[in-house]
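# Breakdown of the fold
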Amino acid sequence: MSSLLKDFAILLYSAGDKIDEKAAEFKRMRRERYKEFDEKFSSFKDDLKSKSEEFKEKYSNDLDKIKEKVNEAVKDYSFASKKEVDELKSMILDLTNKVDSMSNNSQKK
């Protein structure tokens, strides 16, 4: 019985060593794959950035003209721009705060 336990303990110990070796190998492989992925991703990101800048340089005048035409068309139909909507939101919030403060002051009296 004791020899069986000793053999089992040795087997468990060697299995633990094998598991540790495999874990280290997987960790090394994962690190290498991540490094490869990171290099590919950074090169892809750089390519996209350069293409974006190239596009902006090439078509910036056209984009500006399109923006102007869209703004003119929007003004004819009385649409609000995002900036105008944001201004209105802030004005409404200010008014809401003032009304709340006035109501709080009147309730205290």
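Residues numbered from 1 in each chain as written. Predicted model: local features only at pLDDT ≥ 70, side-chain atom pairs only at ≥ 80, totals over all residues. Heavy atoms only, no water.

### Focus on the overall build of the chain
Here is the rule we go by: Helix numbering and strand numbering both begin at the N terminus, where a helix is a DSSP run of H or I of at least 4 residues and a strand a DSSP run of E of at least 2. Residue burial is assigned from relative accessible area. The probe radius is 1.4 Å, only protein chains are included, and a residue is buried under 20% of its type maximum, exposed over 50%, and partly exposed in between. Accessible surface area values rest on a Shrake-Rupley calculation with a 1.4 Å probe, where residue burial reflects the displayed protein chains alone.
A count of helices and strands for the chain gives two helices and zero strands. Expressed as lengths along the three principal axes of its C-alpha atoms, the size of the chain is roughly 90 × 65 × 20 Å. Within the chain, the proportion of its 109 residues that are buried is 0%. As presented, the chain carries roughly 10900 Å² of accessible surface, and 59% of it is formed by carbon and sulfur atoms.

### Considering the environment of Val85
Within the secondary structure layout, Val85 lies in helix 2 (residues 82–108). The exposure class assigned to Val85 is partly exposed, which follows from its relative accessible area of 31%. For the pair Val85 and Asn104, spaced 19 residues apart in the sequence, the C-alpha separation amounts to 28 Å.

### Side note on the environment of Met91
Residue placement: Met91 occurs in helix 2. Residue class for Met91 comes out partly exposed when judged on its relative accessible area of 49%. A sequence separation of 23 residues divides Met91 from Glu68, and the C-alpha atoms of the two residues are 27 Å apart.

### Re a negative patch on the surface
Put simply, the test is: Within this analysis, patches are made of residues with over 30% relative accessible area and no salt bridge. Like charges are joined at 9 Å or less; nonpolar side chains (Val, Leu, Ile, Met, Phe, Trp, Tyr) at 5 Å or less. The salt bridge definition used is simple: a Lys or Arg side-chain nitrogen within 4 Å of an Asp or Glu carboxyl oxygen. The positive count covers Lys and Arg only, the negative count covers Asp and Glu only, and His and the chain ends enter neither. Positions of charges follow a simple convention, taking NZ of Lys, CZ of Arg, CG of Asp or CD of Glu.
Negative charge collects at one region of the surface, where Asp62, Asp64, Glu68, Glu72 and Asp76 lie side by side. Structurally, Asp64 can be placed in helix 1 (residues 2–76). Owing to a relative accessible area of 40%, Asp64 belongs among the partly exposed residues under this scheme.

### Examining the packing of aromatic side chains
This is how the line gets drawn: Side-chain rings of Phe, Tyr and Trp, where Trp is taken by its six-membered ring, are said to pair if the distance between their centres is within 6.5 Å; with planes under 30 degrees apart they count as stacked, over 60 as edge-to-face, and otherwise as tilted.
In the structure shown here, the tally under the stated rule is two aromatic pairs. With a centroid separation of 5.9 Å and an interplanar angle of 20°, the aromatic rings of Phe37 and Phe41 are classed as stacked. A residue pair is termed a helical-turn pair when its members lie 3 or 4 positions apart in one helix, as Phe37 and Phe41 do in helix 1 at four residues. For the pair Phe55 and Tyr59, a centre-to-centre distance of 4.9 Å together with 50° between the ring planes defines the contact as tilted. Here Phe55 pairs with Tyr59, and both are found in helix 1, just four residues apart, close to one helical turn.

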